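Analysis of the macromolecular model
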Amino acid sequence: MPAAGAAWRGEQLALLAGQLHKHQTSNEYAELLEAAEAELGAEATQEQRRNLQLLQLELKRQRCLDPQLVSAITQAQSRGNAIWQAARTSNDFPAFAPALRELIELRQQQASQLANAESIARSPWEILAQPFEPDVSKARLNQLFAPLKRDLPVLLEKAAAMPQIHPSAELSENSQNRLCSRLLESWGYNKSCCQHSRSAHPFSCTLGPQDFRITNRVVEGQPLSAFLATAHEWGHSLYEQGLPRTGDNYFPWPLGDATSMGVHESQSLFWECRVARSKEFAVRWHPHFCAELGGDPWKGSSGFWRSLNPMQPGLIRVEADELCYCLHIVMRFELELALIEQGLPVEELPQHWNQRLNELLGIKPANDSEGCLQDIHWAEGLFGYFPSYALGHLISAQLSEAMEKELGGEGAIATAISSGQESKLHQWLCQNVYPLGRSVNSEELVKNVSGYPLSADPFLRYLNQKLLDN
(Lines give C-alpha, C1' and ligand atoms only; values in the text may rest on other atoms or scores of the structure.)
Protein backbone atom coordinates (compact mmCIF):
# COMPACT_ATOMS: atom_id res chain seq x y z
CA MET A 1 0.00 0.00 0.00
CA PRO A 2 1.40 3.42 -0.89
CA ALA A 3 1.99 5.74 2.05
CA ALA A 4 -0.84 8.07 0.99
CA GLY A 5 -3.32 5.21 1.28
CA ALA A 6 -2.89 4.90 5.04
CA ALA A 7 -5.58 7.44 5.97
CA TRP A 8 -8.29 5.74 3.92
CA ARG A 9 -7.21 2.34 5.21
CA GLY A 10 -7.62 3.73 8.73
CA GLU A 11 -11.19 4.79 7.88
CA GLN A 12 -11.97 1.27 6.60
CA LEU A 13 -10.51 -0.41 9.67
CA ALA A 14 -12.37 1.96 11.99
CA LEU A 15 -15.65 1.08 10.27
CA LEU A 16 -14.96 -2.65 10.64
CA ALA A 17 -13.93 -2.23 14.29
CA GLY A 18 -17.14 -0.32 14.97
CA GLN A 19 -19.29 -3.01 13.33
CA LEU A 20 -17.53 -5.78 15.25
CA HIS A 21 -17.96 -3.91 18.53
CA LYS A 22 -21.66 -3.41 17.76
CA HIS A 23 -22.17 -7.17 17.35
CA GLN A 24 -20.00 -8.04 20.36
CA THR A 25 -22.11 -5.81 22.63
CA SER A 26 -25.58 -6.36 21.17
CA ASN A 27 -28.57 -7.39 23.28
CA GLU A 28 -29.11 -10.33 20.94
CA TYR A 29 -25.64 -11.69 21.65
CA ALA A 30 -26.06 -11.19 25.41
CA GLU A 31 -29.39 -13.01 25.29
CA LEU A 32 -27.77 -15.92 23.43
CA LEU A 33 -25.16 -16.27 26.16
CA GLU A 34 -27.82 -16.18 28.87
CA ALA A 35 -29.87 -18.78 27.00
CA ALA A 36 -26.83 -21.03 26.65
CA GLU A 37 -26.14 -20.85 30.37
CA ALA A 38 -29.78 -21.58 31.19
CA GLU A 39 -29.98 -24.49 28.77
CA LEU A 40 -26.82 -26.13 30.08
CA GLY A 41 -27.58 -25.42 33.73
CA ALA A 42 -26.19 -27.87 36.23
CA GLU A 43 -25.39 -30.32 33.42
CA ALA A 44 -22.70 -28.04 31.95
CA THR A 45 -19.26 -29.55 31.77
CA GLN A 46 -16.26 -27.78 33.23
CA GLU A 47 -15.16 -26.87 29.69
CA GLN A 48 -18.56 -25.42 28.80
CA ARG A 49 -18.65 -23.35 31.99
CA ARG A 50 -15.17 -21.99 31.31
CA ASN A 51 -16.07 -21.07 27.72
CA LEU A 52 -19.17 -19.20 28.88
CA GLN A 53 -17.24 -17.50 31.68
CA LEU A 54 -14.66 -16.18 29.20
CA LEU A 55 -17.34 -15.08 26.74
CA GLN A 56 -19.23 -13.21 29.49
CA LEU A 57 -16.03 -11.51 30.61
CA GLU A 58 -15.32 -10.30 27.07
CA LEU A 59 -18.93 -9.11 26.69
CA LYS A 60 -18.62 -7.14 29.92
CA ARG A 61 -15.37 -5.54 28.76
CA GLN A 62 -16.69 -4.62 25.34
CA ARG A 63 -19.83 -3.07 26.82
CA CYS A 64 -17.67 -0.77 28.93
CA LEU A 65 -16.16 0.78 25.81
CA ASP A 66 -17.51 3.83 24.02
CA PRO A 67 -18.02 2.87 20.33
CA GLN A 68 -16.49 6.18 19.26
CA LEU A 69 -13.35 5.37 21.27
CA VAL A 70 -13.11 1.94 19.62
CA SER A 71 -13.12 3.58 16.17
CA ALA A 72 -10.74 6.34 17.25
CA ILE A 73 -8.18 3.83 18.53
CA THR A 74 -8.32 1.86 15.28
CA GLN A 75 -7.78 4.99 13.20
CA ALA A 76 -4.93 6.12 15.45
CA GLN A 77 -3.27 2.71 15.15
CA SER A 78 -3.37 2.85 11.36
CA ARG A 79 -2.15 6.44 11.32
CA GLY A 80 0.55 5.76 13.92
CA ASN A 81 1.87 2.78 11.99
CA ALA A 82 2.26 4.79 8.79
CA ILE A 83 3.89 7.76 10.54
CA TRP A 84 6.23 5.47 12.48
CA GLN A 85 7.45 3.74 9.32
CA ALA A 86 8.38 7.08 7.76
CA ALA A 87 9.89 8.43 11.00
CA ARG A 88 12.04 5.35 11.51
CA THR A 89 13.32 5.55 7.94
CA SER A 90 14.23 9.22 8.29
CA ASN A 91 15.33 9.05 11.96
CA ASP A 92 12.74 11.67 12.88
CA PHE A 93 11.27 11.02 16.33
CA PRO A 94 9.63 14.51 16.58
CA ALA A 95 7.53 13.56 13.53
CA PHE A 96 6.26 10.46 15.36
CA ALA A 97 5.80 12.04 18.80
CA PRO A 98 2.28 13.51 18.21
CA ALA A 99 0.98 10.14 16.97
CA LEU A 100 2.47 8.38 20.00
CA ARG A 101 0.99 10.97 22.36
CA GLU A 102 -2.45 10.45 20.80
CA LEU A 103 -2.19 6.66 21.17
CA ILE A 104 -1.19 6.97 24.81
CA GLU A 105 -4.12 9.28 25.56
CA LEU A 106 -6.59 6.97 23.79
CA ARG A 107 -5.29 3.89 25.58
CA GLN A 108 -5.52 5.73 28.91
CA GLN A 109 -9.17 6.46 28.13
CA GLN A 110 -9.69 2.82 27.20
CA ALA A 111 -8.14 1.64 30.47
CA SER A 112 -10.37 4.04 32.43
CA GLN A 113 -13.49 2.64 30.76
CA LEU A 114 -12.41 -1.01 31.08
CA ALA A 115 -11.76 -0.56 34.82
CA ASN A 116 -15.51 -1.03 35.36
CA ALA A 117 -15.24 -4.61 34.06
CA GLU A 118 -12.40 -5.66 36.34
CA SER A 119 -13.20 -7.90 39.31
CA ILE A 120 -10.21 -6.49 41.21
CA ALA A 121 -8.53 -3.08 41.24
CA ARG A 122 -5.92 -2.79 38.48
CA SER A 123 -3.77 0.09 37.31
CA PRO A 124 -4.23 1.50 33.77
CA TRP A 125 -1.17 -0.37 32.47
CA GLU A 126 -2.32 -3.64 34.06
CA ILE A 127 -5.74 -3.29 32.42
CA LEU A 128 -4.15 -2.76 29.00
CA ALA A 129 -1.96 -5.85 29.52
CA GLN A 130 -4.86 -8.23 30.29
CA PRO A 131 -5.55 -9.29 26.66
CA PHE A 132 -1.93 -10.38 26.30
CA GLU A 133 -1.26 -11.83 29.76
CA PRO A 134 -4.45 -12.53 31.75
CA ASP A 135 -4.17 -11.70 35.48
CA VAL A 136 -0.72 -10.11 35.13
CA SER A 137 0.27 -7.42 37.63
CA LYS A 138 3.10 -4.90 37.91
CA ALA A 139 4.10 -6.26 41.30
CA ARG A 140 4.47 -9.79 39.98
CA LEU A 141 6.46 -8.65 36.95
CA ASN A 142 8.81 -6.61 39.14
CA GLN A 143 9.29 -9.68 41.32
CA LEU A 144 10.16 -11.86 38.30
CA PHE A 145 12.31 -9.25 36.58
CA ALA A 146 14.40 -8.23 39.62
CA PRO A 147 16.71 -11.30 39.40
CA LEU A 148 17.17 -10.63 35.68
CA LYS A 149 18.24 -7.03 36.29
CA ARG A 150 20.61 -8.23 39.00
CA ASP A 151 22.20 -11.28 37.33
CA LEU A 152 22.11 -10.75 33.56
CA PRO A 153 24.64 -7.86 33.55
CA VAL A 154 27.04 -10.10 35.51
CA LEU A 155 26.63 -12.88 32.94
CA LEU A 156 27.20 -10.38 30.15
CA GLU A 157 30.54 -9.44 31.71
CA LYS A 158 31.54 -13.11 31.74
CA ALA A 159 30.48 -13.49 28.11
CA ALA A 160 32.50 -10.43 27.11
CA ALA A 161 35.68 -12.16 28.29
CA MET A 162 35.05 -15.13 25.99
CA PRO A 163 36.25 -15.30 22.37
CA GLN A 164 33.56 -14.35 19.85
CA ILE A 165 33.41 -16.28 16.59
CA HIS A 166 32.08 -14.46 13.54
CA PRO A 167 33.32 -16.37 10.48
CA SER A 168 32.58 -15.13 7.01
CA ALA A 169 29.86 -17.35 5.59
CA GLU A 170 27.56 -16.29 2.78
CA LEU A 171 24.77 -18.78 2.14
CA SER A 172 22.76 -18.22 -1.01
CA GLU A 173 19.03 -17.61 -0.73
CA ASN A 174 18.32 -20.99 -2.33
CA SER A 175 20.61 -22.74 0.15
CA GLN A 176 18.93 -21.07 3.11
CA ASN A 177 15.49 -21.97 1.77
CA ARG A 178 16.52 -25.60 1.34
CA LEU A 179 17.85 -25.78 4.91
CA CYS A 180 14.67 -24.21 6.29
CA SER A 181 12.49 -26.67 4.37
CA ARG A 182 14.61 -29.59 5.57
CA LEU A 183 14.23 -28.39 9.16
CA LEU A 184 10.45 -28.15 8.87
CA GLU A 185 10.18 -31.60 7.31
CA SER A 186 12.22 -33.11 10.16
CA TRP A 187 9.87 -31.46 12.68
CA GLY A 188 6.60 -32.78 11.27
CA TYR A 189 5.63 -30.20 8.64
CA ASN A 190 2.40 -31.33 6.97
CA LYS A 191 1.78 -29.77 3.55
CA SER A 192 -1.92 -30.61 3.68
CA CYS A 193 -2.59 -28.08 6.46
CA CYS A 194 0.59 -25.94 6.65
CA GLN A 195 2.05 -23.27 4.40
CA HIS A 196 5.58 -21.83 4.51
CA SER A 197 6.06 -18.50 2.73
CA ARG A 198 8.19 -15.35 2.64
CA SER A 199 7.46 -11.97 4.26
CA ALA A 200 9.21 -8.77 5.29
CA HIS A 201 9.23 -9.98 8.90
CA PRO A 202 8.82 -13.61 10.08
CA PHE A 203 5.48 -14.49 11.67
CA SER A 204 3.06 -17.32 12.36
CA CYS A 205 -0.72 -17.20 11.96
CA THR A 206 -3.69 -19.56 12.12
CA LEU A 207 -6.57 -18.97 9.72
CA GLY A 208 -8.67 -22.04 10.49
CA PRO A 209 -8.73 -25.47 12.15
CA GLN A 210 -6.58 -26.92 9.36
CA ASP A 211 -4.84 -23.79 8.04
CA PHE A 212 -1.51 -22.98 9.70
CA ARG A 213 0.93 -20.57 8.07
CA ILE A 214 4.42 -19.38 8.86
CA THR A 215 6.81 -17.05 7.06
CA ASN A 216 10.48 -16.20 7.21
CA ARG A 217 12.95 -13.96 5.42
CA VAL A 218 16.55 -14.17 4.22
CA VAL A 219 18.72 -11.44 5.71
CA GLU A 220 21.84 -10.47 3.78
CA GLY A 221 25.00 -11.11 5.77
CA GLN A 222 23.19 -13.28 8.35
CA PRO A 223 23.31 -16.87 7.05
CA LEU A 224 21.73 -18.35 10.20
CA SER A 225 18.89 -15.85 10.59
CA ALA A 226 16.29 -17.50 8.33
CA PHE A 227 16.99 -20.94 9.82
CA LEU A 228 16.54 -19.79 13.41
CA ALA A 229 13.50 -17.70 12.50
CA THR A 230 11.94 -20.77 10.92
CA ALA A 231 12.56 -22.77 14.09
CA HIS A 232 10.99 -19.94 16.13
CA GLU A 233 7.87 -19.52 14.00
CA TRP A 234 7.35 -23.27 13.68
CA GLY A 235 7.35 -23.42 17.48
CA HIS A 236 4.47 -20.94 17.47
CA SER A 237 2.66 -22.99 14.84
CA LEU A 238 3.13 -26.29 16.66
CA TYR A 239 1.48 -24.72 19.69
CA GLU A 240 -1.42 -23.50 17.56
CA GLN A 241 -1.78 -26.95 15.99
CA GLY A 242 -1.85 -28.57 19.43
CA LEU A 243 -4.43 -26.33 21.09
CA PRO A 244 -7.73 -28.03 22.04
CA ARG A 245 -9.69 -27.11 18.93
CA THR A 246 -11.32 -30.40 17.97
CA GLY A 247 -15.11 -30.52 17.89
CA ASP A 248 -17.71 -27.77 17.76
CA ASN A 249 -16.89 -26.45 21.22
CA TYR A 250 -13.33 -25.37 20.59
CA PHE A 251 -12.75 -23.47 17.36
CA PRO A 252 -12.95 -20.53 17.58
CA TRP A 253 -14.20 -20.69 21.18
CA PRO A 254 -12.10 -19.07 23.96
CA LEU A 255 -11.03 -22.33 25.57
CA GLY A 256 -9.19 -23.27 22.39
CA ASP A 257 -7.16 -20.04 22.36
CA ALA A 258 -3.57 -19.74 23.56
CA THR A 259 -3.16 -19.52 27.32
CA SER A 260 -1.32 -16.20 26.96
CA MET A 261 1.22 -14.49 24.76
CA GLY A 262 3.91 -15.44 27.29
CA VAL A 263 3.08 -19.14 26.94
CA HIS A 264 2.91 -18.74 23.16
CA GLU A 265 6.36 -17.17 23.15
CA SER A 266 7.69 -19.93 25.42
CA GLN A 267 6.87 -22.48 22.74
CA SER A 268 8.66 -20.65 19.94
CA LEU A 269 11.65 -20.04 22.21
CA PHE A 270 11.79 -23.71 23.18
CA TRP A 271 12.26 -24.82 19.58
CA GLU A 272 14.54 -21.95 18.63
CA CYS A 273 16.77 -21.79 21.72
CA ARG A 274 16.52 -25.12 23.55
CA VAL A 275 16.60 -27.18 20.38
CA ALA A 276 17.96 -25.32 17.34
CA ARG A 277 20.67 -23.46 19.30
CA SER A 278 21.76 -26.53 21.30
CA LYS A 279 25.18 -28.19 20.96
CA GLU A 280 23.60 -31.49 20.01
CA PHE A 281 21.62 -29.86 17.22
CA ALA A 282 24.74 -28.05 16.01
CA VAL A 283 26.57 -31.38 15.71
CA ARG A 284 23.78 -32.84 13.59
CA TRP A 285 23.21 -29.83 11.35
CA HIS A 286 26.79 -28.62 10.91
CA PRO A 287 27.37 -31.03 7.97
CA HIS A 288 24.22 -29.79 6.21
CA PHE A 289 25.39 -26.18 6.37
CA CYS A 290 28.90 -27.11 5.27
CA ALA A 291 27.49 -29.02 2.30
CA GLU A 292 25.54 -25.97 1.16
CA LEU A 293 28.61 -23.77 1.60
CA GLY A 294 31.07 -26.20 0.07
CA GLY A 295 33.37 -25.68 3.05
CA ASP A 296 33.55 -25.17 6.81
CA PRO A 297 34.17 -21.57 7.90
CA TRP A 298 33.35 -22.56 11.51
CA LYS A 299 36.16 -25.14 11.68
CA GLY A 300 33.98 -27.76 13.32
CA SER A 301 30.61 -28.13 15.02
CA SER A 302 31.78 -26.27 18.16
CA GLY A 303 32.46 -23.15 16.12
CA PHE A 304 29.13 -23.57 14.38
CA TRP A 305 27.38 -23.81 17.77
CA ARG A 306 29.07 -20.61 18.96
CA SER A 307 27.88 -18.85 15.83
CA LEU A 308 24.35 -20.00 16.65
CA ASN A 309 24.77 -18.50 20.12
CA PRO A 310 26.41 -15.06 19.93
CA MET A 311 26.55 -13.42 23.35
CA GLN A 312 27.24 -9.71 23.36
CA PRO A 313 25.19 -6.54 23.93
CA GLY A 314 23.27 -5.25 20.95
CA LEU A 315 21.04 -2.27 20.27
CA ILE A 316 18.26 -4.10 18.43
CA ARG A 317 15.79 -6.18 20.43
CA VAL A 318 14.85 -8.63 17.66
CA GLU A 319 18.52 -9.44 17.08
CA ALA A 320 19.43 -9.70 20.78
CA ASP A 321 20.93 -12.88 22.22
CA GLU A 322 19.53 -14.78 25.20
CA LEU A 323 21.63 -12.81 27.69
CA CYS A 324 20.49 -9.39 26.48
CA TYR A 325 16.94 -9.99 25.32
CA CYS A 326 15.16 -9.85 28.67
CA LEU A 327 16.98 -6.66 29.61
CA HIS A 328 15.57 -5.06 26.46
CA ILE A 329 12.10 -6.10 27.64
CA VAL A 330 12.61 -4.87 31.21
CA MET A 331 13.57 -1.46 29.85
CA ARG A 332 10.50 -1.26 27.63
CA PHE A 333 8.24 -2.36 30.50
CA GLU A 334 9.59 0.39 32.74
CA LEU A 335 9.28 3.01 30.00
CA GLU A 336 5.68 1.96 29.31
CA LEU A 337 4.81 2.46 32.95
CA ALA A 338 6.45 5.88 32.82
CA LEU A 339 4.47 6.86 29.70
CA ILE A 340 1.09 5.43 30.74
CA GLU A 341 1.03 6.00 34.49
CA GLN A 342 3.85 8.29 35.58
CA GLY A 343 3.48 11.24 33.25
CA LEU A 344 6.72 10.89 31.26
CA PRO A 345 6.45 13.45 28.42
CA VAL A 346 6.63 11.78 25.03
CA GLU A 347 9.29 14.28 23.93
CA GLU A 348 11.64 12.94 26.62
CA LEU A 349 11.33 9.29 25.55
CA PRO A 350 14.55 9.19 23.44
CA GLN A 351 16.59 10.61 26.33
CA HIS A 352 15.20 8.10 28.84
CA TRP A 353 15.56 5.24 26.35
CA ASN A 354 19.24 5.95 25.76
CA GLN A 355 19.97 6.45 29.44
CA ARG A 356 18.30 3.21 30.57
CA LEU A 357 19.82 1.15 27.76
CA ASN A 358 23.25 2.38 28.75
CA GLU A 359 22.58 1.50 32.40
CA LEU A 360 21.41 -2.04 31.53
CA LEU A 361 23.67 -2.99 28.61
CA GLY A 362 26.43 -0.40 28.57
CA ILE A 363 25.66 0.79 25.03
CA LYS A 364 24.00 3.83 23.48
CA PRO A 365 22.14 4.17 20.15
CA ALA A 366 23.70 6.46 17.60
CA ASN A 367 20.22 7.64 16.57
CA ASP A 368 16.54 7.13 17.39
CA SER A 369 15.99 4.72 14.48
CA GLU A 370 18.14 2.16 16.28
CA GLY A 371 16.76 3.38 19.60
CA CYS A 372 13.19 4.19 20.59
CA LEU A 373 11.87 4.00 17.01
CA GLN A 374 12.95 0.39 16.38
CA ASP A 375 9.76 -1.41 17.52
CA ILE A 376 6.32 -1.30 15.93
CA HIS A 377 4.37 -2.03 19.13
CA TRP A 378 3.97 1.52 20.46
CA ALA A 379 3.13 2.76 16.96
CA GLU A 380 0.02 0.59 17.23
CA GLY A 381 -0.67 1.41 20.87
CA LEU A 382 0.11 -2.12 22.05
CA PHE A 383 1.02 -1.18 25.61
CA GLY A 384 1.30 -4.19 27.90
CA TYR A 385 2.59 -6.55 25.21
CA PHE A 386 6.36 -6.45 25.77
CA PRO A 387 6.60 -8.34 29.10
CA SER A 388 5.18 -11.46 27.44
CA TYR A 389 8.44 -11.80 25.49
CA ALA A 390 10.51 -12.03 28.68
CA LEU A 391 7.93 -14.24 30.39
CA GLY A 392 8.30 -16.57 27.42
CA HIS A 393 11.98 -17.13 28.27
CA LEU A 394 11.17 -17.83 31.93
CA ILE A 395 8.28 -20.16 31.12
CA SER A 396 10.29 -22.05 28.50
CA ALA A 397 13.13 -22.67 30.97
CA GLN A 398 10.83 -23.90 33.73
CA LEU A 399 8.83 -26.18 31.41
CA SER A 400 12.10 -27.55 29.99
CA GLU A 401 13.23 -28.60 33.46
CA ALA A 402 9.89 -30.33 34.02
CA MET A 403 10.20 -32.04 30.65
CA GLU A 404 13.69 -33.33 31.44
CA LYS A 405 12.57 -34.66 34.80
CA GLU A 406 9.74 -36.66 33.23
CA LEU A 407 11.74 -37.87 30.23
CA GLY A 408 14.57 -39.38 32.26
CA GLY A 409 16.34 -36.64 34.16
CA GLU A 410 19.12 -34.16 33.38
CA GLY A 411 20.29 -34.42 29.79
CA ALA A 412 17.08 -36.02 28.48
CA ILE A 413 16.39 -33.15 26.07
CA ALA A 414 19.98 -33.24 24.78
CA THR A 415 19.78 -37.00 24.29
CA ALA A 416 16.57 -36.72 22.26
CA ILE A 417 18.07 -33.99 20.07
CA SER A 418 21.34 -35.86 19.58
CA SER A 419 19.48 -38.92 18.30
CA GLY A 420 17.16 -36.91 16.07
CA GLN A 421 14.13 -37.73 18.22
CA GLU A 422 12.70 -34.26 18.71
CA SER A 423 9.30 -35.92 18.28
CA LYS A 424 9.62 -37.10 21.91
CA LEU A 425 9.85 -33.47 23.02
CA HIS A 426 6.90 -32.52 20.87
CA GLN A 427 4.85 -35.40 22.26
CA TRP A 428 5.50 -34.23 25.82
CA LEU A 429 4.32 -30.72 24.96
CA CYS A 430 1.23 -32.18 23.25
CA GLN A 431 0.36 -34.02 26.44
CA ASN A 432 1.26 -31.43 29.07
CA VAL A 433 1.07 -27.89 27.63
CA TYR A 434 -0.97 -27.57 24.47
CA PRO A 435 -4.28 -29.08 25.76
CA LEU A 436 -4.64 -26.52 28.57
CA GLY A 437 -5.53 -23.59 26.29
CA ARG A 438 -7.46 -20.88 28.14
CA SER A 439 -8.55 -23.24 30.91
CA VAL A 440 -5.79 -21.62 33.01
CA ASN A 441 -3.62 -18.51 32.96
CA SER A 442 0.13 -18.70 32.37
CA GLU A 443 1.12 -18.83 36.05
CA GLU A 444 -1.38 -21.64 36.68
CA LEU A 445 -0.10 -23.56 33.66
CA VAL A 446 3.49 -23.37 34.84
CA LYS A 447 2.62 -24.44 38.37
CA ASN A 448 0.42 -27.30 37.14
CA VAL A 449 3.16 -28.64 34.88
CA SER A 450 6.31 -27.96 36.93
CA GLY A 451 4.89 -28.22 40.44
CA TYR A 452 5.97 -24.77 41.64
CA PRO A 453 5.31 -21.08 40.83
CA LEU A 454 6.98 -19.35 37.92
CA SER A 455 10.52 -18.24 38.77
CA ALA A 456 13.51 -16.67 37.03
CA ASP A 457 15.81 -19.30 38.54
CA PRO A 458 15.47 -22.01 35.83
CA PHE A 459 16.23 -19.47 33.11
CA LEU A 460 19.28 -18.17 34.96
CA ARG A 461 20.49 -21.76 35.56
CA TYR A 462 20.15 -22.44 31.84
CA LEU A 463 22.17 -19.35 30.89
CA ASN A 464 24.90 -20.10 33.44
CA GLN A 465 25.25 -23.61 32.03
CA LYS A 466 25.45 -22.29 28.48
CA LEU A 467 28.29 -19.97 29.49
CA LEU A 468 30.11 -22.85 31.20
CA ASP A 469 29.79 -24.91 28.01
CA ASN A 470 31.12 -22.11 25.82
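Everything numeric in this text was worked out from a predicted model, so none of it was measured.

This part covers the overall build of the protein. When you go through the protein residue by residue, the secondary structure sums to 19 helices and 3 strands. Computed over its C-alpha atoms, the radius of gyration of the protein comes to 23 Å, within 12% of the 23 Å expected for a compact globule of 470 residues. In terms of overall dimensions, the protein has C-alpha extents of about 65 × 55 × 40 Å along its principal axes. Across the 470 residues in the protein, those meeting the buried criterion constitute 51%. Contacts spanning at least 24 positions in sequence make up 72% of the contacts within the protein whose residues lie at least 6 apart. Only carbon and sulfur atoms are counted for the fraction: they give 50% of the accessible area of the protein, which is about 21,500 Å². When the 40 basic and 55 acidic side-chain charges of the protein are each reduced to a single mean position, those positions are 3 Å apart.

Interaxial distance between helix H7 (residues 138-160) and helix H19 (residues 457-469) falls to 11 Å at its minimum, and their mutual angle equals 5°. Here H7 is positioned roughly parallel relative to H19, judged by the angle of their axes. Contacts between H7 and H19 involve Pro-147, Leu-148, Asp-151, Leu-152, Leu-155, Lys-158 and Ala-159 from the former and Phe-459, Leu-460, Leu-463, Asn-464 and Leu-467 from the latter. Looking at the contact of H7 with H19 residue by residue, the classes come out as 9 nonpolar, 1 polar and 2 charged.

The next subject is the packing of aromatic side chains. Taken as a whole, this structure holds 22 aromatic pairs when the rule is applied. Ring geometry for Phe-289 and Trp-298: centres 6.3 Å apart, planes at 85°, overall edge-to-face. The exposure class assigned to Phe-289 is buried, which follows from its relative accessible area of 0%. Its relative accessible area of 5% is what places Trp-298 among the buried residues. Both rings, one in Trp-353 and one in Trp-378, keep their centres 6.1 Å apart while their planes meet at 90°; by these two values the pair is edge-to-face. Taken as a pair, Trp-353 in helix H14 (residues 349-361) and Trp-378 in the loop between H14 and helix H15 (387-407) lie far apart in primary sequence, 25 residues in all. Members of the aromatic cluster, joined through ring pairs, are Trp-187, Phe-227, Phe-270, Trp-271, Phe-281, Trp-285, Phe-289, Trp-298 and Phe-304.

Right, let's talk about H15 for a bit. Taking 1.5 Å of rise per residue, 21 residues should cover 30 Å, and H15 covers 30 Å from first to last C-alpha, within 8% of that figure. Buried residues dominate H15, accounting for 17 of its 21 residues. Backbone geometry just after H15 places Gly-408 at a positive phi near 130°.

Right, let's talk about the pairing of strand E3 (residues 211-216) for a bit. Pairing of strand E1 (residues 194-198) with E3 involves 5 bridges; the strand directions are parallel. By the bridge assignment, Gln-195 is partnered in E3 with Arg-213. Bridge count for strand E2 (residues 204-208) against E3 is 4 bridges, and the pairing is antiparallel. Of the residues in E3, the one forming a bridge with Cys-205 is Arg-213. In this structure, the hairpin formed by E2 and E3 is closed by a connection of 2 residues.

All right, on to the side chain of Arg-277 then. Tracing the backbone through its elements, the reader meets Arg-277 in the loop between helix H10 (261-276) and helix H11 (279-293). For Arg-277, a relative accessible area of 15% translates into the label buried. At a separation of 2.4 Å, a polar atom in the side chain of Arg-277 contacts the main-chain carbonyl oxygen of Leu-308. Residues in contact with Arg-277, not counting those within four places in the same chain, are Leu-228, Glu-272, Trp-305, Leu-308, Asn-309, Pro-310, Glu-322 and Lys-466.

Considering only enclosed or pocket space, the second largest pocket measures out at about 670 Å³ in volume. What lines the second largest pocket is a set of 23 residues, among which Arg-274, Glu-404, Tyr-462, Gln-465 and Asp-469 lie closest to the centre. When contributions to the lining of the second largest pocket are tallied by element, the ones reaching two or more residues are H10, H11, H15, helix H16 (412-418) and H19. Here the element with the most residues in the lining of the second largest pocket is H19; it accounts for 6 residues. The residue inventory of the lining of the second largest pocket, partitioned by class, reads 7 nonpolar, 5 polar and 11 charged.

Right, let's get into empty space enclosed by the protein. For the structure shown, the criterion picks out 3 cavities of 30 Å³ or more. Empty space within the largest cavity amounts to approximately 70 Å³. Lining the largest cavity are 11 residues, and of these Pro-163, Gln-164, Asn-309, Met-311 and Asn-470 lie nearest its centre. In terms of residue class, the lining of the largest cavity is built from 6 nonpolar, 4 polar and 1 charged.

Attention now goes to the pattern of salt bridges. A complete count under the given rule lists 22 salt bridges for this structure. In this structure, Arg-182 engages Glu-292 in a salt bridge whose closest nitrogen and oxygen atoms are separated by 3.6 Å. Of this pair, Arg-182 sits in helix H8 (residues 173-186) while Glu-292 is found in helix H11, placing the two residues 110 residues apart along the sequence. When its relative accessible area of 30% is taken as the criterion, Arg-182 is described as partly exposed. A salt bridge links Glu-272 to Arg-277; its shortest N-O distance comes to 2.7 Å. One salt-bridge network, in which partners are shared between bridges, spans Arg-61, Glu-118, Arg-122 and Asp-135.

A separate point is the sheet that holds E3. Taken in spatial order, the 3 strands make up an open sheet running E1-E3-E2, and their pairing is mixed. With partners counted over all chains shown, the strands left at the sheet margins are E1 and E2, one partner each. If you compare each strand with its neighbour and ignore which way they point, the axes differ by 25° on average. H8 rests against E1 and E3 of the sheet, and its axis sits at about 160° to E1. Across the sheet, helix H9 (residues 225-242) touches E1, E2 and E3, and the angle it forms with E3 is around 165°.

Attention shifts here to a negative patch on the surface. Taken together, the side chains of Glu-28, Glu-31, Glu-34 and Glu-37 make up a negatively charged region of the molecular surface. Tracing the chain through its elements places Glu-28 in helix H2 (residues 27-40). Taking relative accessible area as the criterion, Glu-28 reaches 57% and is therefore assigned exposed.

Calculation criteria
Residues numbered from 1 in each chain as written. Predicted model: local features only at pLDDT ≥ 70, side-chain atom pairs only at ≥ 80, totals over all residues. Heavy atoms only, no water. Helix = DSSP H or I, 4+ residues; strand = E, 2+ residues; numbered from the N terminus. Rg over C-alpha atoms; globule rule 2.2 N^0.38 Å. Buried < 20%, exposed > 50% of the residue type's maximum accessible area, 1.4 Å probe, protein only. Contact = heavy atoms within 4.5 Å. Areas by Shrake-Rupley, 256 points an atom, 1.4 Å probe, with all protein chains shown as cover. Lys, Arg positive; Asp, Glu negative; His and termini not counted. Charge placed at Lys NZ, Arg CZ, Asp CG, Glu CD. Axes fitted to C-alpha atoms, helices over the stretch in contact; angles between N-to-C directions. Parallel < 35°, antiparallel > 145°, perpendicular 65-115°, else oblique. Nonpolar A, V, L, I, M, F, W, Y, C, P; charged D, E, K, R; others polar. Phe/Tyr/Trp six-rings, centres within 6.5 Å; stacked < 30°, edge-to-face > 60°. Expected span 1.5 Å × (residues − 1). Pairing = 2+ DSSP bridges. Polar contact = N/O pair within 3.5 Å; in protein donor to acceptor, adjacent residues only side chain to side chain. 1 Å grid on protein atoms, 1.4 Å probe; cavity = no way out; pocket = protein on both sides within 12 Å on 5 of 7 lines; lining within 4 Å. Points joined across faces, edges and corners; volume = space filled by probe spheres on them. Salt bridge = Lys/Arg side-chain N within 4 Å of Asp/Glu carboxyl O. Patch = residues over 30% accessible without salt bridge, like charges linked within 9 Å, V, L, I, M, F, W, Y side chains within 5 Å.

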